[in-house]
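A closer look at the structure
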Amino acid sequence: MRYLSIDVLRMVAIFVMVWVHFLENLSGVESSITGFGAPLFSFLAGVSYCLWIEQQRERLSSEAISKISIRRGLFVFGVGIAFNVLVWLPEDTFNWDVLTLIGTALLILNASRHMPDYVLLMAAGSSIFVAPMLQGLADYNSYWPENYYDGGLTLSGILIGYFVVGYFPFFPWISYALVGYVLGRRLFTQETALRIDWKPVCCIGLGLLLFAFGLHWLSSQLGGSFAASAINRQVLSGWKMYPPSVEYVIGTLGITLLMFGGLLHFIDGSKQPERWERRLSLTRSFSRYSFSIYILHHLVHIWPLWIFALLRGEEPTAYWRVAMTVPYSAGLATLFLMGLTLFLYCRGDRTPVGMERAMRWLCD
Amino acid sequence: MTDDRFHNCIQRRFRFVEDAKLLRNGRQVSMPADGSDSQATASSAGATFHFRPPLGVKVQELDSWATSEQSDVTVKVLAMDSPVPEAALHSGEAWLFEGPKSKDMNSEETIRTMQMQGCTILQHGTRMVIFTLTEDRIVPILKTMLEAFHLEREVGRLESELAENWSDWDEDIPLGIVFGERQLGTRARLVEHHNAVRRFRSRLERLSPAIHAPHVYPPTYASQASERYRERAQLAHRHEVLDGQLQSFETLYESCAQRASDYANARTGHILEWVIIFLLVIQVLFYSFEILTSIEESAATPPKNIIQSAE
């Protein structure tokens, strides 16, 4: 069963991602919505995995589900590595972008899907609070010399990047998928009789957001002592995505839950769901093609930069972040989204082509 | 063909009251040990009968004019010569069929008829007609018939409730063998069902002494009527069937209670174990990272002899 709220949320994440990436990679500008797309994707990966398991449980054995999950996880991970090589060039093979994170999340969720909810939530909480300490141990800033990740190609460097200092390292980004999975189990499994209970979701989301603001306020009140500055430097470092601070992770988790709960109430919990089905049918297409859209939008705006620079006899990355001003990059992003919308509208409900189909063909 | 005497006979409406102190005119009314009630006559309203323990039920007669009060059984009692005239019988049958249907009592088309020693008793649904030979037989036979009616009604209620709950209770069968984290949310429902089954058993056992009471010796007019009624209503057989059906659910819920209790006790230990596991994993993580970062630092910094030879 598909839930429109999940499709809507994923479509929002796609729009945010496309907008942010176009502006960042073409103009070197960080927009105000930077940092809201990736948490949504990671969270929804957990929710969608839970829903997929519920659908498969009646027709597949537990072993078969595990095999498919492992294949899918490795496929996404592998595509992530290949994507880094082909899009970001071989030097950035191990930059640990979001695809490798989601591939890892699928593997972890498969391994832990029989564990009780409190274990997964403890793991999520631990990863959030352990991450700043690991970042301190690893000297995070030394891997980000010019505000982009420049990891080493040694084994230790690769591992440190994967776990802590990459673009989307295991700690703390795995927490989103774990929370999403637990929430999916609470809301959408047979045991809960498909009861859509949006109020606790919104309350928890609001609580997390307020907690994040509370932490942010606390860090501003700590003063100038050695301990306070250590805490500010290592643990409560403000609302930052790179590295993902405690306030950022908890705050974005709260916002995600608030949005999810609200959409559950107004759309899936609506007394006239068919009305929303008609109005939001396009979101389903966006959601079904999210994997392909992620790759396509990178190809569309990154490859031309490399090709143009090579044709002019320059370093391939010469025009990265400096290709054009914001109005042009924003215009291109809008054009891409409009073209995508048109394509998906014409495509309708036909079987998806692209990465999703390849994944099903290879892994299922 | 109707009988005027029957039509003019007052309907006596009774209500069964459970575990309640019965008051009439501000006084608690009690029943003498021999079962007679000098205050309750065939024609007076407000009579009270106590059933033998442990039924725990008293019968309160409602005022005939208080039609707003719901009664459990309505009775017409007449002293009439035997054999009872056809007109009276037909009037009685017609009156019985006019009564409300009850899912807990026999509401089939046939009327239950019992005749013995000049007494004729007709019963259908929640109405009864009693024809006795003499006035002095009215009170004893009324009491025993009300008790027998109450027994049948209670057995009928238990059968209905069991039928209603059967599919709900069946859904708990898997919990008798497997109880884990995913089933934790069903605990409240399990407790409710377990308590319902226990209460069911309690109610069933409460009826048992009266249903399986041996024949009274020497037999009395009233005791024979009661025994005959119980046989006709097949109360002993129905009670036995309910007992057997309930046993399976009792076994199921005992098993469920055991599983849920065992899991709940183990869960606390599991949580502590997981906390310890997480702390150990974090410790190993920090230790591993210290090693990794030291390897990384030493890889970044070439050894001194290489630097010196380069110089």
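Note that the structure is predicted; figures quoted are calculated from it, not measured.

Attention now goes to the overall build of chain B. Scanning chain B from terminus to terminus reveals seven helices and nine strands. The burial tally for chain B puts 44% of its 311 residues in the buried class. Considering only contacts in chain B between residues 6 or more positions apart, those separated by 24 or more positions represent 74%.

Once that is clear, we can look at the packing of helix 8 (residues 198–221) of chain A against helix 10 (residues 246–268) of chain A. All names here are of chain A. Interhelical geometry of helix 8 versus helix 10 gives an angle of 155° and a closest axis separation of 7 Å. By the angle between their axes, helix 8 is roughly antiparallel relative to helix 10. Seen from above, helix 8 lies across helix 10 with left-handed handedness. Of the residues belonging to the contact of helix 8 with helix 10, the class tally is 18 nonpolar, eight polar and one charged.

Glancing now at the pattern of salt bridges. Residue and element names in this part refer to chain B. With the rule as written, the count across this model stands at 19 salt bridges over all chains. The residue Glu250 makes a salt bridge to Arg201 at a minimum N-O spacing of 2.8 Å. Here Arg201 lies in helix 4 (residues 187–211) and Glu250 lies in helix 6 (residues 235–300), a separation of 49 residues in the sequence. Like Arg201, Glu250 is buried. Within this structure, Arg112, Glu152, Glu159 and Arg238 form a network of salt bridges that share partners.

All names here are of chain A. Looking along the chain, the bond that leaves Phe171 and enters Pro172 is cis, with omega of 5°. Assignment of secondary structure puts Pro172 in helix 7 (residues 170–188). Of note, the phi angle at Arg321 is positive, near 75°, even though the residue is not glycine. Residue placement: Arg321 occurs in the loop between helix 13 (290–311) and helix 14 (326–347).

This next bit is on the interface of chain A and chain B. The interface is formed by 27 residues belonging to chain A together with 18 residues belonging to chain B. For the pair chain A and chain B, the two sides together bury roughly 2,000 Å², of which 76% comes from carbon and sulfur. When the buried area of chain A at its contact with chain B is split by residue, A:Tyr118, A:Met122 and A:Leu137 rank highest and sum to 29% of it. The interface formed by chain A and chain B contains zero salt bridges.

Another point: the nonpolar core. Among the nonpolar cores identified, the biggest contains 115 residues, and A:Phe43, A:Phe188 and A:Phe260 are the most heavily contacted of them. The leading source of residues in this core is helix 7 of chain A, at 13 residues. Listed in part, the 52 residues of the second largest apolar core include B:Phe51, B:Leu151, B:Leu162 and B:Leu252.

As a further point, take the packing of aromatic side chains. With the rule as written, the count across this model stands at 45 aromatic pairs over all chains. Centre to centre, the rings of A:Trp88 and A:Trp306 are 6.4 Å apart; their planes meet at 65°, and the pair counts as edge-to-face. Residue A:Trp88 is located in the loop between helix 3 (62–87) and helix 4 (98–112), and its partner A:Trp306 is located in helix 13; the two are separated by 218 residues in the primary sequence. In this structure, A:Trp88 and A:Trp306 share a single accessibility class: buried. With a centroid separation of 6.2 Å and 40° between ring planes, the pair formed by B:Trp274 and B:Phe278 is classed as tilted. Taken together, the residues span about one helical turn, with B:Trp274 and B:Phe278 both in helix 6 at a distance of four residues. Since its relative accessible area comes to 22%, B:Trp274 is described here as partly exposed.

All right, on to the sheet that holds strand 8 (residues 119–124) of chain B then. Residue and element names in this part refer to chain B. Within the open sheet, the seven strands sit side by side as 4-5-1-6-9-8-7. Their pairing is mixed. At either end of the open sheet lies a strand with only one pairing partner, and these are strand 4 (48–50) and strand 7 (112–116). With strand direction ignored, the average angle separating the axes of adjacent strands in the sheet is 20°. With six bridges connecting them, strand 1 (residues 12–18) and strand 5 (residues 57–62) associate as antiparallel partners. Looking at the pairing, Phe16 lines up with Val59 of strand 5. Across the sheet, helix 3 (residues 138–170) is in contact with strand 1, strand 4, strand 5, strand 6 (73–79), strand 7, strand 8 and strand 9 (127–132); its angle to strand 1 comes to roughly 55°.

Moving on, we get to the packing of helix 1 (residues 4–27) of chain A against helix 12 (residues 281–288) of chain A. Residues and elements named next belong to chain A. Where helix 1 contacts helix 12, the axes come no closer than 8 Å and their chain directions differ by 65°. For the element pair helix 1 and helix 12, the recorded crossing hand is left-handed. When helix 1 is examined against helix 12, the residues Leu4, Asp7, Val8, Arg10, Met11, Ile14 and Phe15 are found in contact with a partner set consisting of Thr283, Arg284, Phe286 and Ser287. Across the contact of helix 1 with helix 12, the residue classes tally to six nonpolar, two polar and three charged.

Here we take up a nonpolar patch on the surface. Residues and elements named next belong to chain A. On the surface, Leu86, Trp303, Ile307 and Leu311 cluster together into a nonpolar patch covering about 440 Å² of accessible area. Take the nonpolar patch: its biggest share by element is three residues, from helix 13. Within the secondary structure, Trp303 is located in helix 13. The class for Trp303 is partly exposed, based on a relative accessible area of 35%.

In this section: empty space enclosed by the protein. All names here are of chain A. One pass over the structure, following the stated rule, counts two cavities of 30 Å³ or more. The computed volume of the largest cavity comes to approximately 60 Å³. Together, Glu91, Asp92, Thr93, Phe94, Asn95, Tyr149, Asp150, Gly151, Gly152 and Leu153 line the largest cavity. Of the residues that constitute the lining of the largest cavity, the class distribution is three nonpolar, four polar and three charged. The volume enclosed by the second largest cavity comes to roughly 40 Å³. Lining the second largest cavity, in full, are Trp96, Thr100, Leu101, Thr104, Tyr162, Phe168, Pro169 and Phe170. No other element matches the three residues that helix 4 contributes to the lining of the second largest cavity. Looking at the lining of the second largest cavity residue by residue, the classes come out as six nonpolar, two polar and no charged.

Turning our eyes to something else, we now look at the side chain of A:Glu247. Residue and element names in this part refer to chain A. Positionally, Glu247 belongs in helix 10. Among buried Asp, Glu, Lys and Arg side chains, Glu247 stands out as unpaired, with Lys240 the closest opposite charge at 8.8 Å. With near-sequence residues (within four places) excluded, Glu247 lies in contact with Ala212, Leu215, His216, Ser219, Val235, Leu236, Ser237, Gly238 and Trp239.

Let us look at a negative patch on the surface. Residues and elements named next belong to chain A. On the surface, Glu91, Glu146, Asp150 and Glu315 cluster together into a negatively charged patch. Tracing the backbone through its elements, the reader meets Glu91 in the loop between helix 3 and helix 4. For Glu91, a relative accessible area of 63% corresponds to the exposed category.

Here we come to the confidence of the model for chain B. Across chain B, the average pLDDT comes to 81, with 84% of residues at 70 or higher. Overall fold confidence (pTM) sits at 0.73, and the ipTM for the predicted complex is 0.80.

Further remarks concern helix 8 of chain A. When the terminal C-alpha atoms of helix 8 of chain A are compared, their 35 Å separation across 24 residues agrees well with the 34 Å that a helix rising 1.5 Å per residue should span. Turning to helix 8 of chain A, its buried residues number three or more, namely A:Val201, A:Cys202, A:Gly205, A:Leu209, A:Ala212, A:Leu215 and A:Ser219.

Cut-offs applied
Residues numbered from 1 in each chain as written. Chains lettered and ligands numbered in written order. Predicted model: local features only at pLDDT ≥ 70, side-chain atom pairs only at ≥ 80, totals over all residues. Heavy atoms only, no water. Helix = DSSP H or I, 4+ residues; strand = E, 2+ residues; numbered from the N terminus. Buried < 20%, exposed > 50% of the residue type's maximum accessible area, 1.4 Å probe, protein only. Contact = heavy atoms within 4.5 Å. Axes fitted to C-alpha atoms, helices over the stretch in contact; angles between N-to-C directions. Parallel < 35°, antiparallel > 145°, perpendicular 65-115°, else oblique. Left-handed = near helix turned anticlockwise from the far one by under 90°. Nonpolar A, V, L, I, M, F, W, Y, C, P; charged D, E, K, R; others polar. Salt bridge = Lys/Arg side-chain N within 4 Å of Asp/Glu carboxyl O. Buried area = accessible area lost by both parts, 1.4 Å probe. Core = buried A, V, L, I, M, F, W, Y, C linked by side-chain atoms within 4.5 Å. Phe/Tyr/Trp six-rings, centres within 6.5 Å; stacked < 30°, edge-to-face > 60°. Pairing = 2+ DSSP bridges. Patch = residues over 30% accessible without salt bridge, like charges linked within 9 Å, V, L, I, M, F, W, Y side chains within 5 Å. Areas by Shrake-Rupley, 256 points an atom, 1.4 Å probe, with all protein chains shown as cover. 1 Å grid on protein atoms, 1.4 Å probe; cavity = no way out; pocket = protein on both sides within 12 Å on 5 of 7 lines; lining within 4 Å. Points joined across faces, edges and corners; volume = space filled by probe spheres on them. Lys, Arg positive; Asp, Glu negative; His and termini not counted. Charge placed at Lys NZ, Arg CZ, Asp CG, Glu CD. pLDDT = per-residue confidence, 0-100. Expected span 1.5 Å × (residues − 1).

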